[in-house]
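Tertiary structure, described
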Amino acid sequence: MSIDTETCKHQIVYFGVTNININERTIGSVDTWRCAICKKKFCEEKQLGIESIVDYVGMPKISPDEKWAVLVRKLFKGKEKWNLVRLKKDGTIKVENPDDKVVELTVKNFQVADPDYASFLIDDHINKVIEI
């Protein structure tokens, strides 16, 4: 039986965590939550050292044709090196880098196709570590 994730009255439960490490030192994590009814996933980014409040209330929304991913900026250091993004199977994604430049990246099969960036799908890394 299939349940429409957009009309579901979500019953959200904690599903797991993905730790983000540099040289085996955790610099952040992504908490993953899942609806017990429709199985839709919700993610929340936690960067160590950043205590700002997000601009939304509740779980972040994601379209049915998108997947959660960690985007790694290879040219940046520390807490500016990664963030949580929504990726479509194919197309482009616009991201703002810490230097206030907006960059448009090509996405193919849920992976960023740019040598200066790497992406890791959360679905493949729940309760695991992403070493960057």
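The present account deals with the structure reproduced in this document. Keep in mind that this is a model prediction, so the values were computed, not measured.

**Topic: the packing of aromatic side chains**
Tallied over the entire structure, the rule returns one aromatic pair. Geometrically, the ring pair formed by Tyr-14 and Trp-33 is edge-to-face, given 5.0 Å between the ring centres and 85° between the ring planes. On the criterion of sequence distance, the pair formed by Tyr-14 in strand E1 (residues 12-22) and Trp-33 in strand E2 (residues 25-35) is long-range, its members being 19 residues apart. When the ring centre of Phe-110 is taken as reference, the NZ or CZ atom of Lys-67 above it lies at 4.6 Å.

**Digging into the pattern of salt bridges**
The full count for this structure, using the stated rule, is three salt bridges. Where Asp-123 meets Lys-41, a salt bridge forms, and the shortest distance between an N and an O atom there is 3.3 Å. You can see Asp-123 sitting in the loop between strand E9 (117-121) and strand E10 (128-131) and its partner Lys-41 sitting in strand E3 (residues 41-47), a full 82 residues away along the chain. Glu-44 is the salt-bridge partner of Lys-46, the closest N and O atoms lying 3.7 Å from each other.

**Let's talk about a negative patch on the surface**
Residues Glu-80, Glu-96, Asp-99 and Asp-100 make up a contiguous surface patch of negative charge. Looking at the secondary structure, you find Asp-99 in the loop between strand E6 (90-96) and strand E7 (102-108).

**Considering the sheet that holds E6**
Taken in spatial order, the three strands line up as E6-E7-E8 in an open sheet, and their pairing is antiparallel. With partners counted over all chains shown, the strands left at the sheet margins are E6 and strand E8 (111-112), one partner each. Judged from the seven bridges that link them, E6 and E7 form a sheet pairing that is antiparallel. Residue Lys-94 lies in a different strand from E7, and its bridge partner there is Glu-104.

**Some details on the sheet that holds E3**
Strand order in the open sheet made by the four strands is E3-E2-E1-E10, with mixed pairing throughout. Edge positions in the sheet fall to E3 and E10, since each of these pairs with one other strand and no more. Across the sheet, the axes of successive neighbouring strands diverge by a mean angle of 25°, strand direction being ignored. Of the strand pairs in this sheet, E2 and E3 are connected by seven bridges, and their pairing is antiparallel. When the bridges of E3 are listed, Trp-33 appears paired with Phe-42.

Scoring rules and cut-offs
- Residues numbered from 1 in each chain as written.
- Predicted model: local features only at pLDDT ≥ 70, side-chain atom pairs only at ≥ 80, totals over all residues.
- Heavy atoms only, no water.
- Phe/Tyr/Trp six-rings, centres within 6.5 Å; stacked < 30°, edge-to-face > 60°.
- Helix = DSSP H or I, 4+ residues; strand = E, 2+ residues; numbered from the N terminus.
- Lys NZ or Arg CZ within 6 Å of the ring centre and 35° of its normal.
- Salt bridge = Lys/Arg side-chain N within 4 Å of Asp/Glu carboxyl O.
- Patch = residues over 30% accessible without salt bridge, like charges linked within 9 Å, V, L, I, M, F, W, Y side chains within 5 Å.
- Areas by Shrake-Rupley, 256 points an atom, 1.4 Å probe, with all protein chains shown as cover.
- Lys, Arg positive; Asp, Glu negative; His and termini not counted.
- Charge placed at Lys NZ, Arg CZ, Asp CG, Glu CD.
- Pairing = 2+ DSSP bridges.
- Axes fitted to C-alpha atoms, helices over the stretch in contact; angles between N-to-C directions.

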